[in-house]
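Summary of the model geometry
Residues per chain are reported as follows:
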Amino acid sequence: MAFEQHMLEDCEENMALANPNEENQLSGLAVIIPIRSFANGKTRLGPIPYQSKAEIIRIIAKYILDAASPIERFVISSDLGVEAWATSLGVSTLKDNGDLNTTLRGATNLLYKQGYRRCAIVLGDIPLLRHQDVLDVLGHGDFAIITDRNHEGTNVMAFDLPLSIQLSYGRSSLASHRALIEESGAKCEVLQRIYPCYDIDTQDDIVSLGKLIRDDPKLPSDLHERIQTILSVLGHK
């Protein structure tokens, strides 16, 4: 499998890295995005037409892929439609074995054997992730996590390879991951980021996006446009 060269610039904490040799200095980075399915995903969104759910999953996944580019990206799925879609965008795919945590752990082992040295896992339902967020989380040492609005989940997690802990995605994953990291002796930093803490799982999440677009005067225009697109597809005004 041919892998493209990687590029990363961190304007806040890694200014010295923004130079003509940046590509060579920062090769070995990867971003993993698990996407269960276009056809059967987001069951907790409620009575929304199947076509709308599939479109939302695809739209958000594309936002994430764009935010991670040009870092090497890997989509994990067992859905043939997802795999074909990712391949059409020039993104590598890995098979989901049915259990998210073991699949992700296996993927990190594979990337380590391929020569990657640091990786970020980005869940596939983070609609407001931006390029700088990806750079920030990869730019920190040891483990760095962006949590959700309730400070319970692990929306984005970056770490050095090989991965030194078991993964524990699921309910209250932030607490589980922090405990596992502490037990391993590594350091963990939970980054405070306003927009990538939003995810899309339930109708309450959709309502929160609508509130954000109404109440946040500093909302960047590109994120305003993303939210409008999502709300439009779901039939919200």
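To keep things clear, this report deals only with the structure shown in the data block. (Residues numbered from 1 in each chain as written. Predicted model: local features only at pLDDT ≥ 70, side-chain atom pairs only at ≥ 80, totals over all residues. Heavy atoms only, no water.)

1. Some thoughts on the pattern of salt bridges
For the structure on display, the rule yields 7 salt bridges. In this structure, Asp136 and Arg193 form a salt bridge, with 3.3 Å as the shortest nitrogen-oxygen distance. With Asp136 in helix 5 (residues 131–139) and Arg193 in the loop between strand 7 (188–191) and helix 7 (203–215), the pair connects residues that are 57 residues apart, well separated along the chain. Taking relative accessible area as the criterion, Arg193 reaches 22% and is therefore assigned partly exposed. (Salt bridge = Lys/Arg side-chain N within 4 Å of Asp/Glu carboxyl O. Helix = DSSP H or I, 4+ residues; strand = E, 2+ residues; numbered from the N terminus. Buried < 20%, exposed > 50% of the residue type's maximum accessible area, 1.4 Å probe, protein only.)

2. Some details on unusual backbone geometry
Cis geometry marks the peptide bond from Ser69 to Pro70; its omega dihedral reads 10°. Assignment of secondary structure puts Pro70 in the loop between helix 2 (50–68) and strand 2 (72–77). Along the chain, Leu161 connects to Pro162 via a cis peptide bond; the corresponding omega equals 5°. Take Pro162: it is sitting in the loop between strand 6 (156–160) and helix 6 (173–184). At His151, a position not held by glycine, the phi torsion is positive, near 55°. With respect to the helices and strands, His151 occurs in the loop between strand 5 (143–146) and strand 6. The backbone of Ser172 sits at a positive phi, close to 55°, despite the residue not being glycine.

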